[in-house]
Amino acid sequence: MSDARTDTAPPGGIDYIEVEESPRFTELKRKQRGFVFPMAVAFLVWYFAYVLLSSFAPEFMAQRVWGDITVGLVFGLGQFVTTFAITMTYVWYANRKLDPIAEEIREDLEARQEASV
């Protein structure tokens, strides 16, 4: 397969390859990945620990914490709590760290588009 990339922007358009390779876009990707990958790894470790404990340590997971509430139930509900916490944390992070950069890139692209018309 040949490389269809050209070194010039399409007539009257925006060179999105150039935009993707720009320092601001690279920074945006770096910041987004810097949050998502560690958080995903942490959650997967937590999830697999829960699955492995439920499979290989049933006595531990069956210990009662309070009344009929067991360690396994607390850990299981903790999965839901963790999911919501990660989501809320990501929204907070994106609003403060990612969205301003994305907005800047979008405004620059809109200005370029208007200038080329």
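Going by the structure above, here's the rest.
For clarity, every value in this text was computed on a predicted model and none was experimentally measured.

**Considerations on the nonpolar core**
If you look at the biggest cluster of nonpolar residues, it comprises 10 residues: Ile14, Val19, Leu28, Phe35, Tyr93, Ala94, Leu98, Ile101, Ile105 and Leu109. Contributions of two or more residues to this core are made by helix H2 (23–56) and helix H4 (71–116). Here the element with the most residues in this core is H4; it accounts for 6 residues.

**A word on the packing of aromatic side chains**
In this description, an aromatic ring pair is defined by two values, namely the gap between the centres and the angle between the planes. Applying the stated criterion to the full structure yields 5 aromatic pairs. An angle of 65° between the planes, with centres 5.6 Å apart, marks the rings of Trp46 and Phe75 as edge-to-face. Of the two residues, Trp46 is situated in helix H2 and Phe75 in helix H4; the sequence distance between them amounts to 29 residues. Judged by relative accessible area, which is 22%, Phe75 ranks as partly exposed. Aromatic pair Tyr47 and Phe48: ring centres 5.4 Å apart, planes at 65°, arrangement edge-to-face.

**Side note on a nonpolar patch on the surface**
A cluster of nonpolar side chains, namely Val65, Trp66, Ile69, Leu73, Val74, Leu77, Phe80, Phe84 and Met88, defines an oily patch on the protein surface of about 990 Å² accessible area. Ranked by residues supplied to the nonpolar patch, first place goes to H4 with 6 residues. By the secondary structure assignment, Phe80 is in helix H4. On the basis of relative accessible area, Phe80 is assigned to the exposed category, the value being 55%.

Cut-offs applied
Residue indices follow the written sequence of each chain, beginning from 1 at its first position. For this predicted model, a pLDDT threshold of at least 70 governs which residues receive local features, and a threshold of 80 or more governs which side-chain atom pairs are given and counted, while totals over whole chains, interfaces and linings are taken from all residues. Here the side-chain values reflect all heavy atoms present in the structure, with hydrogen atoms and water set aside. What makes a nonpolar core is a set of buried Ala, Val, Leu, Ile, Met, Phe, Trp, Tyr and Cys residues whose side-chain atoms join them at distances within 4.5 Å. A simple rule labels every residue: compare its accessible area, found with a 1.4 Å probe on the protein chains alone, to the largest value its type can have, and call it buried under 20%, exposed over 50%, or partly exposed in between. Only runs of H or I of at least four residues qualify as helices and only runs of E of at least two qualify as strands under DSSP, and these elements are numbered from the N terminus. Ring pairs are drawn from Phe, Tyr and Trp, using the six-membered ring of Trp, whenever the two centres fall within 6.5 Å, and their geometry is named by plane angle: stacked under 30 degrees, edge-to-face over 60, tilted for the rest. Note on patches: the residues involved have over 30% relative accessible area and no salt bridge, like charges join within 9 Å, and the nonpolar side chains Val, Leu, Ile, Met, Phe, Trp and Tyr join within 5 Å. All accessible areas in this document rest on Shrake-Rupley with a 1.4 Å probe, and a residue is counted as covered only by the protein chains that are shown. The salt bridge definition used is simple: a Lys or Arg side-chain nitrogen within 4 Å of an Asp or Glu carboxyl oxygen.

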